[in-house]
Amino acid sequence: MKRYSLILLPVLLGVLISGCDSQCCSKVESTPAVDNKAPIAKMVLNGTQANGECTPGDAITLTPQSTDSDGTVTDNIWKVDGTVVGNTTVTCPDDGKTKTICLTAVDNDGKQSPQVCKTLTGKAVQAQILPPVSKIIKGANTGDGQFLDCTQVHDQDTIDTDGVENLYGSDKAIKEVIWTYTYNKADGTQDGPNVKNQTEYNTDEGNPAGFCKKWFHTNDVNTIDFSIKTIDDDDQTTTTDYVYDVANGTLTLKN
């Protein structure tokens, strides 16, 4: 027994001195180095449509939305047609022309993202020349007659071909209003058709320029058939037909 004890003693001393046994003496793995990732560049071009179209001359705002998964984005580098720019707005190009906008993001580790690019395409708004609206409403009743009001006539577009402020309409874009009317009398006879434009009527009645109402007599009249034709500043016209029932006091659109 003494022989065996002497043989085991060095082994036991080795365990005590080293401080480990079979469970803790395995290979200790070192912590791997952190793999710093590059940022991701992302941009928004405010003022453009989804396909990058914009109205020529408009200011387009360059908005960075870059991200970095293991740090922060410290810089966003913009290029317009390959040239670095310091501003964050560009002008939309002319109709049919393009500009290439590119963005590179830089993070706090100095790493750069792959460059991302978008194309701006200038597209002029096509003007639509629309006809005017011929609309009248009832005005005041004078007992022996009825005013019909044309102040609500107007143009549907914003094109001003003649380049001046016109006399008539809620938008002053109507050059003339023309009344064509027929009196259907109580005795079955008719008086008309009569034609009078608003400018002539205003002159005859001493009304101010731009006044847009016309008086119709109603004594011994059953109905008045009339049309109103408006001419806008693009020389487009619209004609609308109405009937006024004297007994009921109703104004009815015929078409």
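Structure's up top.
Residues numbered from 1 in each chain as written. Predicted model: local features only at pLDDT ≥ 70, side-chain atom pairs only at ≥ 80, totals over all residues. Heavy atoms only, no water.

**Looking at the sheet that holds strand 8 (residues 116–122)**
Then comes step 1: Overall, mixed pairing links the 5 strands, which are arranged 2-8-7-4-5 in an open sheet. The two strands at the open ends of the sheet, each matched to only one other strand, are strand 2 (53–54) and strand 5 (83–85).
Then comes step 2: In the sheet, strand 4 (residues 73–80) pairs with strand 5 via 3 bridges, with the strands oriented antiparallel. The partner of Val 80 across the bridge, within strand 5, is Thr 83. (Pairing = 2+ DSSP bridges. Helix = DSSP H or I, 4+ residues; strand = E, 2+ residues; numbered from the N terminus.)

**Details of the pattern of salt bridges**
Then comes step 1: Counted by the stated rule, this structure contains 4 salt bridges.
Then comes step 2: One salt bridge in this structure joins Glu 53 and Lys 123, with 3.8 Å as the shortest N-O distance. Highlighted residues: Glu 53 in strand 2 and Lys 123 in the loop between strand 8 and strand 9 (137–141), separated in sequence by 70 residues.
Then comes step 3: Using a relative accessible area of 19% as the deciding quantity, one classes Glu 53 as buried. (Salt bridge = Lys/Arg side-chain N within 4 Å of Asp/Glu carboxyl O. Buried < 20%, exposed > 50% of the residue type's maximum accessible area, 1.4 Å probe, protein only.)

**Quick notes on the state of the cysteines**
Then comes step 1: A full pass over the atoms with the stated rule returns 3 disulfides.
Then comes step 2: In this model Cys 54 forms its disulfide with Cys 92; the gap between the sulfur atoms is 2.0 Å. Disulfide Cys 54-Cys 92: torsion about the S-S bond near 90°, hence right-handed. In this pair, Cys 54 is assigned in strand 2 and Cys 92 in the loop between strand 6 (89–91) and strand 7 (98–107), connecting sequence segments 38 residues apart.
Then comes step 3: Taking relative accessible area as the criterion, Cys 92 reaches 3% and is therefore assigned buried.
Then comes step 4: At a sulfur-sulfur separation of 2.0 Å, the disulfide partner of Cys 102 is Cys 117. Since a negative S-S torsion denotes a left-handed disulfide, the Cys 102-Cys 117 link at about 105° is right-handed. Taken together, the positions of Cys 102 in strand 7 and Cys 117 in strand 8 put the pair 15 residues apart, joining distant regions of the chain. (Disulfide = S-S within 2.5 Å.)

**Some words on the sheet that holds strand 6**
Then comes step 1: Reading across from one edge, 1-3-6 is the order of the 3 strands in this open sheet, with antiparallel pairing throughout. Taken across any chain shown, the strands that pair with only one partner, and hence form the sheet edges, are strand 1 (43–46) and strand 6. This sheet shows a mean twist of 25° between the axes of neighbouring strands, independent of strand direction.
Then comes step 2: With 4 bridges joining them, strand 1 and strand 3 (residues 59–64) adopt antiparallel strand pairing. Residue pairing in the sheet places Asn 46 in a bridge with Thr 61 of strand 3. (Axes fitted to C-alpha atoms, helices over the stretch in contact; angles between N-to-C directions.)

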